[in-house]
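Coordinate inspection notes
Now for the letters of each chain:
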Amino acid sequence: MNAENRLRDEIARLGRSLFERGLTSGSTGNLSARLDDGGYLVTPTDTSLGFLDPARLSRLDSEGNWIDGDKPTKEGFLHIAMYRANADRRAVAHLHSTYSVCLSCLRGLDTEDMLPPITPYVLMKVGRVAKVPFFPPGDEALGPVIEDKARTHSGIIIANHGPVVAARSLRAAVFGIEEVEESAKLAFLLRNEDVEFIPEDYRQTLLKSGK
C-alpha cells in the first residue's frame, strides 16, 4: 500500500472514530491532509465522517482546486487557509462539536485565548486557541480571516460554528481538536465556579513544551 492509500485509510478510520464518539453528527465536520505532491485529500460534501469511503475522498491540487474524487466539502477553503498560513502543517480537522460551539457563543471571552488554563493538555497539543467572527456557512470571505489568525494560532474557534485545528500529522490534528472540545467542555461547565487555573509560569512552560 502506498503512502496516499495509507493516508486515505487513516482519514476514514479517524473520521469514523470521531463520529462514533459523538464528536460530530450527521454530515457535519471535515478532515484534510496534505499530499507529498503538494495537493490535498479532503472529505467530500454531504458525507458523514462515520461512513467515509477512502477511494471516494476528494482530491485537490496545491491551489485547492477540485481535480478528482467526490465533490469536496464547501468548507475546503478553511483548510486551505490553515495550510497557507504555515507550510509545516500537514493536516486539518474541523468539527461542529457541542461544547466548542457553546463556548463560541458566550460574550466577553478573550478572542486571542478562548480556553482558560484548566488542564495542561490543550496548551501542549494546540497552544492558545483564538476566536474569529461568524460568517454564513460556505462564505469564502471567512478564508482570509482564518488565514490571518492561523499565522499565530494552530487552533481557532469560529463563532456560532465550531473549531478548526491544524497540525503536522492527521493524528495530531484529530487529537488536538479533541483536546479543544474537552477543554471547551470543562470551561463551559465551570464558567460560574471559582476555578483554580494553572499558574501563568507553568502555562508558559507548557506552551513551549508543545512546540
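Values in this document were obtained by computation on a predicted structure and should not be read as measured data. (Residues numbered from 1 in each chain as written. Predicted model: local features only at pLDDT ≥ 70, side-chain atom pairs only at ≥ 80, totals over all residues. Heavy atoms only, no water.)

**A word on the pattern of salt bridges**
For the coordinates displayed, the defined rule picks out 15 salt bridges. Salt-bridge contacts for aspartate 70 lead to arginine 56; the nearest nitrogen and oxygen are separated by 3.0 Å. Of this pair, aspartate 70 sits in the loop between β4 (66–68) and α2 (76–85) while arginine 56 sits in the loop between β2 (40–42) and β3 (58–60), and the two are 14 residues apart along the sequence. The class for arginine 56 is partly exposed, based on a relative accessible area of 45%. Because the salt bridges share partners, they merge into one network encompassing Glu4, Arg8, Asp37 and Arg59. (Salt bridge = Lys/Arg side-chain N within 4 Å of Asp/Glu carboxyl O. Helix = DSSP H or I, 4+ residues; strand = E, 2+ residues; numbered from the N terminus. Buried < 20%, exposed > 50% of the residue type's maximum accessible area, 1.4 Å probe, protein only.)

**So, the layout of surface pockets**
Quantified by volume, the second largest pocket comes out at close to 330 Å³. Lining the second largest pocket are 18 residues; nearest its centre among them are Gly64, Gly76, Phe77, Ile80 and Glu140. Those elements that provide at least two residues to the lining of the second largest pocket are α2 and α5 (142–150). For the lining of the second largest pocket, the element with the most residues is α2, which contributes 5 residues. Residues of the lining of the second largest pocket, tallied by class, amount to 7 nonpolar, 5 polar and 6 charged. (1 Å grid on protein atoms, 1.4 Å probe; cavity = no way out; pocket = protein on both sides within 12 Å on 5 of 7 lines; lining within 4 Å. Points joined across faces, edges and corners; volume = space filled by probe spheres on them. Nonpolar A, V, L, I, M, F, W, Y, C, P; charged D, E, K, R; others polar.)

**Focus on the pairing of strand β7 (residues 155–158)**
Of the two faces of β7, the one carrying Gly155 and Ile157 and the one carrying Ile156 and Ile158 are both buried. Pairing geometry for strand β6 (residues 129–132) and β7, over 4 bridges, is parallel. Paired with valine 129 across the bridge in β7 is glycine 155. Handedness of the crossover is the feature at issue here: the chain leaves β6, passes through α5, returns alongside β7, and the resulting connection is right-handed. By the bridge criterion, 4 bridges tie β7 to strand β8 (residues 162–167) in an arrangement that is antiparallel. Within the sheet, the bridge partner assigned to glycine 155 lies in β8 and is valine 165. Connecting β7 to the next strand, β8, in antiparallel fashion are 3 residues, including asparagine 160 with a positive phi near 55°. (Pairing = 2+ DSSP bridges. Right-handed = clockwise from strand over helix to strand, strands pointing away.)

**Details of α5**
Where α5 is concerned, the buried positions are Leu142, Gly143, Ile146, Glu147, Lys149 and Ala150. Summarising the axial view, the buried residues of α5 lie within an arc of 170°, below the 170-degree limit, and thus occupy one face. The inward-facing, buried residues of α5 contact α2, β6 and β7. (Arc of directions from axis to C-beta. Contact = heavy atoms within 4.5 Å.)

**Thoughts on the nonpolar core**
Counting residues in each nonpolar core, the largest one holds 36 residues, and the members touching the most others are Ile11, Leu115 and Val180. Among the elements that make up this core, the one with the highest residue count is helix α6 (residues 170–189) (7 residues). Excluding residues within four positions of it along the chain, leucine 115 makes contact with Leu103, Val122, Val129, Val180, Ser183, Ala184 and Arg203. One finds Phe77, Ile80, Val92 and Val132 within the second-largest nonpolar core, a separate group that totals 20 residues. (Core = buried A, V, L, I, M, F, W, Y, C linked by side-chain atoms within 4.5 Å.)

**Observations regarding the side chain of arginine 89**
Looking at the element boundaries, arginine 89 is found in the loop between α2 and β5 (91–94). It turns out arginine 89 is buried and unbridged, and the closest side chain with the opposite charge, aspartate 88, is 8.1 Å from it. Of note is the side chain of arginine 89, whose polar atom sits 2.9 Å from the backbone oxygen of alanine 150. (Lys, Arg positive; Asp, Glu negative; His and termini not counted. Polar contact = N/O pair within 3.5 Å; in protein donor to acceptor, adjacent residues only side chain to side chain.)

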